[in-house]
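Architecture and fold: a report
Okay, here's what each chain looks like letter by letter:
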Amino acid sequence: MKLITKLGTLAIAAGLAVPLATGCASTATTPAPGGASSGAAAQNVTLDWGFWNQGEAGNKMWQGLADEVNKQHPNITVKLTSPPFADYFTKLQSQLAANEAPCIMSMQSLRLPAFAQAMEPMDELLKTSGFNASEWNPAAIKALQNNGKQYALPYGISTVVLYYNKDAFKDAGVAEPKPGWTVAEFEAAARTITEKTGKPAFGQSFSDLHMFSTLYAYNQARPVDESGKLTLTEGKMVDAFTWYTGLATAKKVSLVPASASDIPWGEQQFVAGNVAMASDGSWNISSNATQAKFNVGVTTLPGKGTFSANSGFGISKNCKYKKEALQAIQVITGAKAQETAAAAGTFPARTAASKTFYDGLATKLDSKTPGYSAQAKAAIEGSSGDALPFLSTTKWDQTTKTIAREFILAYTGSQDPKKTLENVQQTAG
Amino acid sequence: MARKRSEGPAALGFLVPSVVGLTIFVMVPTILAIATSLFDWPTFGDVEFAGLKNYRRLFARGSTFPAALRNTIVFTLVIVPLNLVLTLGLAFWVATSRWRRFYRVLFFVPVVTPTVATSIIWKMIYQPGGILDDLLSRVGFTMPNLLGTGNTALMAVVVVVIWNGLGYNTLIFSAAIDQLPDDVIAAARIDGASGWRQLWHVKIPLLTPAIFFATTITMIHAFQVFAQPYVMTAGGPGTATVTVVMDVYQTAFQGGALGAASAPAMVLFALILVVTAVQWLGQRKWVHYE
């Protein structure tokens, strides 16, 4: 009895103590083949495609495009997997560590600096594949370049815009905002709506693009400079961040995230109807208006300018079938595919498909909210003109987590905004 | 007299499965982790020998490790005694109930429910506008943002970790209480021992092997706390709820630095090893095996 008890305890203690400490090493040292695997016949290839979750309708649409690859190139089968956005880049890290990255890698422009090393530059392959840059939105193509090399072909382009609850504005007797509205107008609207409804009018966020775009519109503050260095302690950033946190702490017109794990807060609270305004990407221009149970309006961020970002599909360095991967990507981002994506609510990277996007928006939403597609067009065009591509650092993923942990202290007023920025700069810079 | 047969081959036969298992799943990964911690090992790119750089970095300016270590120790110091007292109390109470089987299952449900799911539910209970806030506001109490405030976030997470782990030890103690020898208890009663004396001088000493087992396991679990704070607070606000395992996870899979992530993992491994060893050495002073 005594011996058995002792041995049992020891075995469990050892079993619990050790795997934790060793988990990292085993993934790093296990050699495995590349992301693609060959089928039965020599030329038949199966390509893995990793893409963050696009919602039920979106996933179906992208799966349809994956199937389309097989129709146009019968030797290529594309296998799509869609983890949630919050997990996609973490998963990608571990896939890269295990040498199992998907052949077709979906990449966000703002995370490209961190992952470019693991991706294959496409320039040489594109030369012989009939690629014509003039068919594309130049900003969308450029945003997926790193050190002058093209790493992915875009499927869309987005800016951050301001969504608002038309009903809440009407109930509070506040005039609806127009593209180009000022920070003072935004503050006045937020104050009145907060007073009239008793609920904070604006929703704050930790999402990098959403929050930093709002700060950029305020005074053109930029979190990362041209050389890819974190610049959170620069004067403009301190001013803009002090203003942003002050919306909650001093003016009391904004709702603060419940915890540091609520990265996308304001934008979610907006769709849920809990706040009347939030910054969010133009990629949600269709879905936000569809999901919300109120009339959604959209305009430019208060102030001047915004950040743009886009996503696209590239080839992982370890992919064994790079030529086939490019063929697949050219189908997925082809003229026909872009029409499909535009009709489904993605603002396309190919200029020819943008009409389809606005027409689709009109058909789907103008009956619910009259004039929505025209407003969306004005907001997108009003923000695209002076949109700046969002630059990030090579350690951006980890930095965003530090930002959430530290920024909540400033949002809740328990830490000075300047000190908060200094802390993040020191930990992540 | 017949020659005594050697027990060596038989012993070897019995040992082989566990030795092979331990070697593949414990020894080799441990050695690899130690090795990894001495390298600059990105998730992709070139691996370079770094010596003790990863360990020195743990205590450099801007590192979250000191806070993570402090929080982990606080977690353990709060969780282990509270968990043991509560589960022992629950087990004694359950033992007297005619619904004991039902209660055991009930208390065990959180153990088998995915931690991520229960943590999300607890987060919804805690957050402003959540269930707790709603209930308290009805009686005129304004609840602070529990998970967004440094002082309360750690304790809010501790409550969830304790709740999560209640069922396991309650089950262990419950089973041990059921097996307490009736004759010893009866003898104590005949000798005139009161309920309190029976509990303190007879029952608890008889339960010490189970208490020792539960202490060891609970302590190891507490040192490794991760999922609840990760889901509920992501380590914030500031570094109020960062734990060592979270530091390991974020450095490895968000920072892409496997070598730098192995260093805190090894420190935690050493800490658990030392504390467990001390417990083993100390057990002969207070654990009574029959």
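All figures in this text were calculated on a predicted structure; none of them were measured in a lab.

1. What about the overall build of chain B?
Helices and strands together make up the secondary structure of chain B, namely 12 helices and 2 strands. Secondary structure elements of chain B occur, N-terminal to C-terminal, as α-β-β-α-α-α-α-α-α-α-α-α-α-α. In terms of its C-alpha atoms, chain B occupies a principal-axis envelope of roughly 80 × 70 × 30 Å. Looking at the 290 residues of chain B, the share that counts as buried comes to 39%. Relative to all contacts within chain B whose residues are 6 or more apart in sequence, the contacts with residues 24 or more apart total 70%.

2. Points about the confidence of the model for chain A
Here chain A shows a mean pLDDT of 87. Residues at 70 or above account for 90%. Looking over chain A, one finds the lowest element-wise mean pLDDT in helix H1 (residues 2–29) of chain A, namely 38, and the highest in strand E10 (residues 202–203) of chain A, namely 98.

3. Re the interface of chain B and chain A
Between chain B and chain A, the residue contacts involve 56 residues of the former and 43 residues of the latter. Listed by contribution, the elements that provide at least two residues to the side of chain B that touches chain A are helix H1 (8–36), helix H9 (195–223), helix H10 (227–232), helix H11 (244–254) and helix H12 (258–286) of chain B. Take the side of chain B that touches chain A: its biggest share by element is 10 residues, from H12(B). Counted by class, the side of chain B that touches chain A contains 29 nonpolar, 24 polar and 3 charged residues.

4. Overview of the packing of helix H14 (residues 335–343) of chain A against helix H15 (residues 354–365) of chain A
All names here are of chain A. In the contact formed by H14 and H15, the axes pass within 7 Å of each other and the chain directions differ by 25°. Looking at the two axes, H14 sits roughly parallel to H15. Every pair of crossing elements has a handedness; the one defined by H14 and H15 is right-handed. In this structure, H14 contributes Glu339, Ala342 and Ala343 to the contact, and H15 contributes Ser354, Thr356, Phe357 and Gly360. Partitioning the contact of H14 with H15 into residue classes produces 3 nonpolar, 3 polar and 1 charged.

5. Things to note about the domain arrangement of chain A
Residues and elements named next belong to chain A. Domain assignment breaks chain A into domain 1 (37–156 + 310–333) and domain 2 (158–308 + 368–428). Placing the centre of domain 1 and that of domain 2 at their C-alpha centroids yields a distance of 30 Å. Taken together, the contacts link 12 residues of domain 1 with 15 residues of domain 2. For the side of domain 1 that touches domain 2, the secondary structure elements donating two or more residues are helix H4 (112–115) and helix H6 (138–142). By residue class, the composition of the side of domain 1 that touches domain 2 is 6 nonpolar, 4 polar and 2 charged.

6. Let's talk about unusual backbone geometry
Cis geometry marks the peptide bond from B:Gly236 to B:Pro237; its omega dihedral reads -5°. Structurally, B:Pro237 is set in the loop between H10 and H11. For A:Gln220, which is not glycine, the phi dihedral falls at a positive 65°. Along the chain, A:Gln220 falls in the loop between helix H9 (208–219) and helix H10 (235–249). The phi torsion at A:Lys252 lies on the positive side, around 55°, for a residue other than glycine. Counting through the fold element by element, A:Lys252 comes out in the loop between H10 and strand E11 (254–255). A count of 12 C-beta atoms within 10 Å places A:Lys252 in the exposed class.

7. Quick look at helix H5 (residues 115–126) of chain B
Because each turn of an α-helix spans 3.6 residues, side chains separated by three or four positions in sequence point in the same direction. Residue and element names in this part refer to chain B. Taking 1.5 Å of rise per residue, the 12 residues of H5 would be expected to cover 16 Å, and the 16 Å separating its terminal C-alpha atoms lies within 8% of that figure. Listed as buried for H5 are Ser119, Trp122, Lys123 and Tyr126. An end-on view of H5 places all buried positions within 105° of arc, on one side of the element. Tucked inside the fold, the buried residues of H5 contact helix H6 (131–138), helix H7 (150–178) and H10.

How each quantity is defined
Residues numbered from 1 in each chain as written. Chains lettered and ligands numbered in written order. Predicted model: local features only at pLDDT ≥ 70, side-chain atom pairs only at ≥ 80, totals over all residues. Helix = DSSP H or I, 4+ residues; strand = E, 2+ residues; numbered from the N terminus. Buried ≥ 20, exposed ≤ 12 C-beta atoms within 10 Å, placed from the backbone. Contact = placed C-beta atoms within 7 Å. pLDDT = per-residue confidence, 0-100. Nonpolar A, V, L, I, M, F, W, Y, C, P; charged D, E, K, R; others polar. Axes fitted to C-alpha atoms, helices over the stretch in contact; angles between N-to-C directions. Parallel < 35°, antiparallel > 145°, perpendicular 65-115°, else oblique. Left-handed = near helix turned anticlockwise from the far one by under 90°. Domains from an automatic or database assignment. Expected span 1.5 Å × (residues − 1). Arc of directions from axis to C-beta.

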